[in-house]
Amino acid sequence: MKNKIVIGTRSSKLALWQAEYIADCLKKKYPDKSIELVHITTKGDRVLDVPLAKIGGKGLFTKELEMAMLDGTIDIAVHSLKDMPTVLPEGLQLAVISKRADVGDAFVSLKYNKFADLPAGAKVGTSSLRRKAQILHERPDLQICDLRGNVNTRLEKLEQGQFDAIILAAAGLKRLGYADKIKEILNQKICLPAVGQGALAIEARAEDQEILDLIEFLHDKETACATTAERSFLARVEGGCQVPVGVYGKVVAGKLEVEAVMASVDGKTLLRDKVTGELADAKKLGKGIAEKLLDRGGLAIMQEIGLLTD
Ligand SMILES: NCc1[nH]cc(CCC(=O)O)c1CC(=O)O
């Protein structure tokens, strides 16, 4: 029997919060085991001066952690589910999806209390094509500027006056103790979240039954079902975190509702749809709504930005 669980994590404050949160849950559940954190740097942490959409490559924030898991240096890796590619390396699996609390995108500004208060031409910082496309669709008059860096760096850039407002995941802000900076959660009619936003994922070796059993209590079935549909949508669209698509699944009265959006980067074309079905059909629902949107013009959008070739 293992008396030690080694958790791999990136070193950003958000990643550390997430890993420590999982470590605390494990310590409470297994007071006699030692729970260890190992810091690992990923390519996404090293390359900070290039817009995310241009670095490309899947698993920008996950690959080095996966190597460490496969060679046994660590037992599990804690990630934001949002950063996880849809296809994992052979031998690894998403073993746990934690309960999702905050799924939305937050409006943060020193000058304005609401997104709707932004004047024409206001500078809005975000590094995500998904946010950019949806915001421009709603407000073509705004200036969207690239904003890279971890959550703290992004807040600093706002405070230095580089932007009139920035948009960040509410979950990340709350985890780091910045809930008070959130002026408003963007209405989902304006901005649908990213696949998996707000949920934590624990990746583990697929064959390591002992570890899989030890972490199972952290798994949330409803969140897993909703995000299975979201990830199936993403798998069909063939993109990473940097595709202008948003999708949100939720369980309502025993049914799974999945709403999704696909947009051109300039926001001029935006396609949206919603489907409802059985929880057991999560994968089919996600794939189905992707196909519907691709048929309605999404394929042309993806081809135009070179993200999908067939
Ligand atoms: N792209 C980076 C990233 N990955 C996860 C989060 C926040 C936490 C989450 O969405 O679960 C963030 C920051 C952000 O998008 O503002």
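Residues numbered from 1 in each chain as written. Predicted model: local features only at pLDDT ≥ 70, side-chain atom pairs only at ≥ 80, totals over all residues.

So, about the overall build of the protein. The number of helices and strands found in the protein is 10 helices and 13 strands. Rg of the C-alpha trace for the protein: 19 Å, near the compact-globule value of 19 Å for 310 residues, within the 12% margin. Reported as C-alpha extents along the three principal axes, the dimensions of the protein are approximately 60 × 45 × 35 Å. Per-residue burial for the protein yields a buried fraction of 45% across its 310 residues. Sequence-distant contacts in the protein: of pairs separated by 6 or more residues, those separated by 24 or more amount to 70%. (Helix = DSSP H or I, 4+ residues; strand = E, 2+ residues; numbered from the N terminus. Rg over C-alpha atoms; globule rule 2.2 N^0.38 Å. Buried ≥ 20, exposed ≤ 12 C-beta atoms within 10 Å, placed from the backbone. Contact = placed C-beta atoms within 7 Å.)

We now examine the domain arrangement of the protein. Domain parsing of the protein yields domain 1 (4–99 + 199–219), domain 2 (105–185) and domain 3 (234–304). A straight line from the C-alpha centre of domain 1 to that of domain 3 covers 26 Å. (Domains from an automatic or database assignment.)

With that settled, the discussion passes to the sheet that holds strand β2 (residues 34–39). Overall, mixed pairing links the five strands, which are arranged β2-β1-β3-β10-β4 in an open sheet. Either end of the sheet is taken by a strand with one partner, and the two such strands are β2 and β4 (92–97). Ignoring which end each strand starts from, the neighbouring axes of this sheet average 30 degrees apart. Of the pairings in the sheet, the one linking β4 to strand β10 (residues 200–205) comprises five bridges and is antiparallel in character. Bridge pairing in β10 links V96 to I202. (Pairing = 2+ DSSP bridges. Axes fitted to C-alpha atoms, helices over the stretch in contact; angles between N-to-C directions.)

Glancing now at the sheet that holds strand β12 (residues 255–263). Strand order in the open sheet formed by three strands is β11-β12-β13, with antiparallel pairing between adjacent strands. Strands with a single pairing partner mark the edges of an open sheet, and in this sheet they are β11 (245–252) and β13 (270–277). Pairwise comparison of adjacent strand axes, ignoring direction, gives a mean angle of 10 degrees for this sheet. One ladder, built from eight bridges, connects β11 with β12; its direction is antiparallel. By the bridge assignment for β12, G246 is matched with V261.

The subject of this paragraph is the packing of helix α9 (residues 221–237) against helix α10 (residues 282–304). Geometry of a packed helix pair, given as the angle between the helix axes and the separation of the axes. Between α9 and α10, the shortest axis-to-axis distance is 8 Å and the interhelical angle comes to 35 degrees. Crossing geometry of α9 relative to α10 is assigned as right-handed. Residues C225, T228, A229, E230, R231, S232, F233, R236 and V237 of α9 form the contact with α10, whose participating residues are A282, K283, L285, G286, K287, I289, A290, E291 and M302. Looking at side-chain class alone, the contact of α9 with α10 contains nine nonpolar, three polar and six charged residues. (Left-handed = near helix turned anticlockwise from the far one by under 90°. Nonpolar A, V, L, I, M, F, W, Y, C, P; charged D, E, K, R; others polar.)

This part takes up helix α5 (residues 129–138). α5 sits mainly inside the fold: nine of its 10 residues count as buried. Turning to α5, its buried residues number three or more, namely L129, R130, R131, K132, A133, Q134, I135, L136 and H137.

The backbone of A253 shows a phi angle near 50 degrees, a positive value even though the residue is not glycine. Tracing the chain through its elements places A253 in the loop between β11 and β12. For A253, a count of 6 C-beta atoms within 10 Å translates into the label exposed.

The biggest cluster of nonpolar side chains holds 78 residues, and the ones touching the most others in it are I76, I166, A201, I202, F233 and A260. Residues in contact with I76, not counting those within four places in the same chain, are I5, I7, I202, E203, A204, I211 and I215. (Core = buried A, V, L, I, M, F, W, Y, C linked by C-beta atoms within 7 Å.)

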